[in-house]
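Fold and contact review
For reference, the chains in residue letters:
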Amino acid sequence: MMNYYQYGHPGYSYYRSAPNMAFAQIQGGPLAPGLKGYVFFREVQNGVEVYAEITGLPSYKEGKGDQNPIGPHGFHLHEKGVCEIGDPKEPFSSAGGHWNPTNHPHGNHAGDFPVLFSNDGYAKMSFFTNKFKVKDVIGKGVIIHQSPDDYRSQPSGDAGKRLACGVVMGYGV
Ligand SMILES: [Cu+2]
């Protein structure tokens, strides 16, 4: 049931040994059907380390006129861990808005992550945050967007359509 056992994920054995961890299996929707990957959340001293590894991201396209660039990709935790495609032109609205438990402006939401940079479709990133604990994010939705986050436009950074979604599940938490 958890395909990440078969995935041969390089970070997997490292994260498996963590006592308090959560992960989301990411699956692309109709706008990025080949997109797949994992996001791990691991308790570390004074916060959480988030580790993402994603394949099948679309190629970068520069922005022109009022058309936003494709990539680097906005990356957030959304309120609801519900990844239903719904309207194929506006997929994954089921995940709701940004997870924002402290009622901050966008740019400082607990679930505002750094953008994901695609390297011929592949992205790997880890970062530290002290804005939540691993247990807080279980049941939330991870969303990867088509366009970059400007960390300023409200409420969601103008990051555009939702390419992919994953539900955060606990593991030993
Ligand atoms: Cu988002």
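Look up: the structure comes first, before these words.
The numbers attached to residues start from 1 for each chain and follow its sequence in the written order. Side-chain atom pairs in this predicted model are given and counted only at pLDDT of 80 or more, local residue features only at pLDDT of at least 70, and totals for whole chains, interfaces and linings cover all residues.

**Some remarks on the overall build of the protein chain**
Helix and strand content of the protein chain: 2 helices and 7 strands. Along its sequence from the N terminus, the protein chain presents helices and strands in the succession α-β-β-β-β-β-α-β-β. Each residue gets a C-beta atom placed from its backbone, and two residues are in contact if those atoms lie within 7 Å. Sequence-distant contacts in the protein chain: of pairs separated by 6 or more residues, those separated by 24 or more amount to 63%. Put simply, DSSP H or I for four residues or longer makes a helix, DSSP E for two residues or longer makes a strand, and each gets a number counted from the N terminus.

**Remarks on the nonpolar core**
Only buried residues count toward a nonpolar core: Ala, Val, Leu, Ile, Met, Phe, Trp, Tyr and Cys, linked into one set through C-beta atoms within 7 Å. With C-beta atoms placed from the backbone, the exposure class of a residue follows from how many other C-beta atoms lie within 10 Å of its own: 20 or more, buried; 12 or fewer, exposed; in between, partly exposed. Ranked by internal contacts, the top residues of the largest apolar core, which has 38 residues, are Ile-26, Val-39 and Phe-41. Looking at this core, the elements with two or more residues in it are β1 (21-28), β2 (36-44), β3 (47-55), β4 (75-78), α2 (134-137), β6 (141-145) and β7 (162-171). Once you skip the residues sitting within four places of it in the chain, Phe-41 turns out to touch Met-21, Ala-22, Phe-23, Val-48, Val-50, Val-134, Val-137 and Val-168.

**Brief notes about the sheet that holds β2**
Any two strands with at least two DSSP-identified bridges between them are counted as paired. Across the sheet, 7 strands lie side by side as β4-β6-β7-β1-β2-β3-β5; this open sheet has antiparallel pairing. At either end of the open sheet lies a strand with only one pairing partner, and these are β4 and β5 (123-129). Averaged over neighbouring strand pairs, the angle between their axes works out to 20° when direction is ignored. Pairing of β6 with β7 involves 5 bridges; the strand directions are antiparallel. Its bridge partner being in β7, Ile-144 is matched across the sheet by Ala-164. A fitted line through C-alpha atoms serves as each axis, taken over the contacting stretch for helices, and the angle formed by two N-to-C directions is quoted from 0 to 180°.

**Overview of the environment of Gln-146**
Take Gln-146: it is sitting in the loop between β6 and β7. With 21 C-beta atoms packed within 10 Å, Gln-146 lands in the buried category. Residues Gln-146 and Leu-57, spaced 89 residues apart in sequence, show a C-alpha to C-alpha distance of 9.1 Å. With near-sequence residues (within four places) excluded, Gln-146 lies in contact with Leu-31, Ile-70, Gly-160, Lys-161 and Leu-163.

**Observations concerning the pairing of β4**
What you see with β4 is no split at all: Phe-75 and Leu-77 on one side and His-76 and His-78 on the other are buried throughout. Note that β4 and β6 share 4 bridges and pair antiparallel. When the sheet's bridge partners are listed, Phe-75 is paired in β6 with Ile-144.

**With respect to the environment of Pro-72**
When you line up the elements, Pro-72 lands in the loop between β3 and β4. Excluding anything up to four places from it in sequence, Pro-72 contacts Val-115, Leu-116, Phe-117 and Pro-148.

**Details of unusual backbone geometry**
Cis geometry marks the peptide bond from Gly-71 to Pro-72; its omega dihedral reads -15°. Phi at Phe-92 is positive, roughly 65°, even though this residue is not glycine. Following the sequence through the fold, Phe-92 ends up in the loop between β4 and β5.

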